[in-house]
Amino acid sequence: MSSITQTSNRFQQGVNRLLQSRVATILATPHGVDRYLEVLNPMWSVDEVRAEVERVDYLTDDSATVTLRPNSNWQGFIPGQFVQLTVTIDGKRQTRCYSPANSVHRADGRIELTVKAHANGFVSRYLREQMSVGEVVTLSQAAGEFALPAERPERVLLISGGSGITPVMSMLRTLCDEGFSGPVTFLHYANSAADMIYASELESIAERHDNVTLLRCFNDESEHGELTGLFSREHLFRSVPDYAEATVFLCGPPPMMATVEKIWEEDGLGDRLHKEQFTLASPDLQSDNVAGEVRFLQSERVEVNSGATLLEQAEEAGLTPQSGCRMGICHTCSCRKTAGKVRDIRTGEISDASEEIIQICVTVPVGTVTLDI
């Protein structure tokens, strides 16, 4: 770390200690301490994690790899965990969840987020098309139960698909930095070789580490992967015959994950499978079953139930409730339901409690529902 960076960090820590006092908070009312710190340096904050964009790389035609320099409030992460990234787009703060892909032992302390831009991905497209070096973003502290255990497993199997490669890439990089000597199999599924994020680095890792086996699976046989097609039991028998002995970390699209989970459950290996899902399967909504209204108590608005998630319906009504991952992981969108029935699109379960806290990003109304928004 440079002397200039060390001096800046020490100065910020001193400012933080001063401004965390009750007196400073009162003097800063009504705007809060951070508002004044931003004028001096947008990276300064009493307790908020802020990070400056140092690099933006494009490993594939539809992805962006963003390297961030966090301020001293960052507490680090465990490989596999996610952070909530907040960016300002057209004057509005937007939050999404992404998993750091770097090793926890990265010497410069930087955070690497790789995001695959989707056609309807408002934030992911911004990161791919507009994110610029020097921009300051906000991060949450790392969270999530999908994480490499402190006591490293003897045998590791990493299975990923598409952008689900990022958390398991962090696990692999971390294990390699630690000199882990147990067998590691990295099994990744992509539409084509051109779509595979970190392709060249993974090849290099497999060449340098005798204990790492790289298995690439593409839909097209002409792509020259080790495997072809969709995940199957045959792939395991052919390429990972000792899979039952491995601790497995899985992240990818819902159909692939469902197939993996089914096989592990059938074999009685469910306790060895750890998983993280980046996208939700589309809810099975029948238009002829959609009825009732969605009533927003605080804003005094009433909308006809469209059958979409309550978060989407709130946004369609012109409201801006807090949200993050949009898939039921981060709980940022949690709010109070004061009346009505709702269905969790992940499980299909219906809840008719008169009052309860629900996650509106993964909940649809069953008839008329009232929310305290």
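Just so it is clear, the structure is predicted and the values come from calculations on it, not from any experiment.

1. Brief notes about the overall build of the protein chain
- For the protein chain, the helix and strand inventory stands at nine helices and 18 strands.
- The 373 residues of the protein chain split such that 48% are buried.
- Excluding contacts between residues fewer than 6 apart, the proportion of contacts in the protein chain whose partners are at least 24 apart in sequence is 64%.

2. Describing the nonpolar core
- Formed by 25 residues in total, the largest nonpolar core has its most connected members in L158, L172, V184, F186, L202 and F249.
- For this core, the secondary-structure elements that each account for two or more residues are β7 (156-161), α5 (165-177), β8 (184-190), α6 (199-208) and β9 (212-218).
- For this core, the element with the most residues is α5, which contributes seven residues.
- Those residues within four positions of L172 in sequence are excluded, and the remaining contacts are L158, V184, F186, L202, I205 and V212.
- Listed in part, the 24 residues of the second largest apolar core include V53, I89, V123 and Y126.

3. Focus on the pattern of salt bridges
- One pass over the full model with this rule turns up 23 salt bridges.
- R173 is paired through a salt bridge with E201; the nearest N and O atoms lie 2.6 Å apart. With R173 in helix α5 and E201 in helix α6, this residue pair connects regions lying 28 residues apart in the sequence.
- By relative accessible area, R173 is classed as buried at 12%.
- Salt bridges sharing partners connect three or more residues here, namely R106, D108, E112, R173 and E201.

4. A closer look at the sheet that holds strand β5 (residues 111-116)
- Across the sheet, six strands lie side by side as β4-β3-β6-β1-β2-β5; this open sheet has antiparallel pairing. The open sheet is flanked by β4 (92-98) and β5, the only strands paired with a single partner. Across the sheet, the mean angle from the axis of one strand to that of its neighbour is 35°, orientation sign disregarded.
- Helix α4 (residues 122-129) rests against β1 (49-57), β2 (63-70), β3 (83-89), β4 and β5 of the sheet, and its axis sits at about 75° to β3.

5. Details of the packing of α5 against α6
- At their nearest, the axes of α5 and α6 sit 12 Å apart, and the two run at 30° to each other. Relative to α6, α5 is oriented roughly parallel. Remark: the crossing between α5 and α6 carries left-handed chirality. Contact with α5, carried on its side by I165, M169, L172, R173 and C176, involves E201, L202 and I205 of α6 and no other residues of that element.
- For the contact of α5 with α6, a count of residues per class yields six nonpolar, no polar and two charged.

6. Details of the packing of aromatic side chains
- Under the definition given, this model contains five aromatic pairs.
- A centroid spacing of 6.4 Å and a plane angle of 45° characterise the contact between F237 and Y243, whose relative ring orientation is tilted.
- Three or more aromatic residues joined by ring pairs form one cluster here, namely F237, Y243 and W264.

7. A look at unusual backbone geometry
- Positive phi is not limited to glycine here, since D90 has a value of about 55°.
- Its location among the elements puts D90 in the loop between β3 and β4.
- For H224, which is not glycine, the phi torsion reads 65° and is therefore positive.
- A relative accessible area of 68% places H224 in the exposed class.

8. Topic: the side chain of T185
- If you trace the backbone, T185 turns up in strand β8.
- Filtering out sequence-adjacent residues up to four positions away, T185 remains in contact with R155, V156, L157, L158, T213, L215 and V240.

9. Digging into empty space enclosed by the protein
- Scanning the entire structure with this criterion turns up one cavity of 30 Å³ or more.
- Taken as a whole, the largest cavity spans an internal volume of roughly 40 Å³.
- Residue lining of the largest cavity: V53, V66, L68, L85, L113, L127, M131 and V137, and that is the complete set.
- Its residues placed into classes, the lining of the largest cavity shows eight nonpolar, no polar and no charged.

10. Side note on the pairing of strand β11 (residues 247-252)
- The buried fraction of β11 amounts to six of the six residues, a majority that puts the element mostly inside the structure.
- Both faces of β11 are covered, namely the face carrying T247, F249 and C251 and the face carrying V248, L250 and G252.
- Two strands pair when backbone bridges link them, and β7 and β11 are joined in this way by five bridges, in the parallel orientation. Counterpart to L157 in the pairing with β11 is V248.
- Pairing between β11 and strand β12 (residues 273-277): five bridges, direction parallel. Bridge pairing in β12 places C251 opposite E276.
- Regarding the hand of the β-α-β motif, the stretch spanning β11, helix α8 (residues 254-266) and β12 is right-handed.

11. Overview of the sheet that holds strand β10 (residues 227-228)
- In space, the six strands of this open sheet follow the order β10-β9-β8-β7-β11-β12, with parallel pairing throughout. At either margin of the open sheet sits one strand with a lone partner, and together these are β10 and β12.
- Here seven bridges tie β8 to β9, and the two strands are oriented parallel to one another. Looking at the pairing, F186 lines up with L214 of β9.
- Most of the contacts of α6 go to β9, to which it runs at about 145°, and overall it touches β8 and β9.
- Sitting on the sheet, α8 is in contact with β7, β8, β11 and β12, with an inclination near 155° to β11.

Rules behind the numbers
Residues numbered from 1 in each chain as written. Predicted model: local features only at pLDDT ≥ 70, side-chain atom pairs only at ≥ 80, totals over all residues. Heavy atoms only, no water. Helix = DSSP H or I, 4+ residues; strand = E, 2+ residues; numbered from the N terminus. Buried < 20%, exposed > 50% of the residue type's maximum accessible area, 1.4 Å probe, protein only. Contact = heavy atoms within 4.5 Å. Core = buried A, V, L, I, M, F, W, Y, C linked by side-chain atoms within 4.5 Å. Salt bridge = Lys/Arg side-chain N within 4 Å of Asp/Glu carboxyl O. Pairing = 2+ DSSP bridges. Axes fitted to C-alpha atoms, helices over the stretch in contact; angles between N-to-C directions. Parallel < 35°, antiparallel > 145°, perpendicular 65-115°, else oblique. Left-handed = near helix turned anticlockwise from the far one by under 90°. Nonpolar A, V, L, I, M, F, W, Y, C, P; charged D, E, K, R; others polar. Phe/Tyr/Trp six-rings, centres within 6.5 Å; stacked < 30°, edge-to-face > 60°. 1 Å grid on protein atoms, 1.4 Å probe; cavity = no way out; pocket = protein on both sides within 12 Å on 5 of 7 lines; lining within 4 Å. Points joined across faces, edges and corners; volume = space filled by probe spheres on them. Right-handed = clockwise from strand over helix to strand, strands pointing away.

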